[in-house]
Amino acid sequence: VSLAWEPNNPPGTVSKFTVYQKSGDTWVKKGDTTETTFTVAGLAPGLHTFAVTASNVWGESDRSNESTTPAPANPPTNLRITTIVDVIVQPPAPM
């Protein structure tokens, strides 16, 4: 899932953004970035809720608004090609 947000601070005043994912009643840190985008991989299919904080020399901000997105279904595995061949056996021609 790809996340993106607006920084809401003057350029150069944020040292990093931290992405959190909600798990029950708690927030789990998914990672830090200096960009305003972040990709979360390996999610199980279903709904996932995220929030972001901004940090500077004075500390970490409160969490942003929550955003919930579905993760797509996992792709099929073990794809293979099967070929069906019809074989027609004819009796030998009379001599």
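None of the values given here were measured: they were computed from a predicted structure. Residue indices begin from 1 for each chain and proceed along its sequence in written order. Side-chain atom pairs in this predicted model are given and counted only at pLDDT of 80 or more, local residue features only at pLDDT of at least 70, and totals for whole chains, interfaces and linings cover all residues. Heavy atoms from the whole structure form the basis of all side-chain values; hydrogens and water molecules are not counted.

Turning to the packing of aromatic side chains, a few remarks are in order. Pairing of aromatic rings covers Phe, Tyr and Trp, the last counted by its six-membered ring, and requires centre-to-centre distances within 6.5 Å; plane angles under 30 degrees mean stacked, over 60 mean edge-to-face, and any other angle means tilted. Under the definition given, this model contains 1 aromatic pair. A centroid spacing of 5.6 Å and a plane angle of 65 degrees characterise the contact between W5 and F17, whose relative ring orientation is edge-to-face. Pair noted here: W5 is in the loop between β1 (2-4) and β2 (16-23) and F17 is in strand β2, with a separation of 12 residues, a long-range link. Exposed residues in this analysis have more than 50% of their type's maximum accessible area, buried residues have under 20%, and partly exposed residues fall in between, with area computed by a 1.4 Å probe over protein chains only. Taking relative accessible area as the criterion, W5 reaches 15% and is therefore assigned buried. Helix numbering and strand numbering both begin at the N terminus, where a helix is a DSSP run of H or I of at least 4 residues and a strand a DSSP run of E of at least 2.

The side chains of a regular strand alternate between the sheet's two faces. As defined by bridge partners, β2 adjoins strand β5 (residues 46-56) across 6 bridges and the pair is classed as antiparallel. The residue of β5 that forms the bridge with Q21 is F50. Any two strands with at least two DSSP-identified bridges between them are counted as paired.

Now for the pattern of salt bridges. Any Lys or Arg side-chain nitrogen found within 4 Å of a carboxyl oxygen on Asp or Glu counts as a salt bridge. Under the defined criterion, the tally for this structure stands at 3 salt bridges. Of the charged contacts in the structure, one is a salt bridge between D32 and K29, with a shortest N-O distance of 3.1 Å. In this structure D32 comes out as partly exposed when scored by relative accessible area, which is 36%. The network of salt bridges with common partners includes K16, K29 and D32.

Now for the pairing of β5. With respect to burial, β5 is a largely interior element, 8 of its 11 residues being buried. Alignment of β5 against strand β7 (residues 67-71), held across 5 bridges, turns out to be antiparallel. Bridging across to β7, H48 finds its partner in T69. Of the strand pairs in this sheet, β5 and strand β6 (residues 59-60) are connected by 2 bridges, and their pairing is antiparallel. Bridge pairing links S55 to E60 in β6. Taking the residues that link successive antiparallel strands as the turn, the β5-β6 hairpin has 2 residues.

Nothing here speaks to function; it is all geometry.
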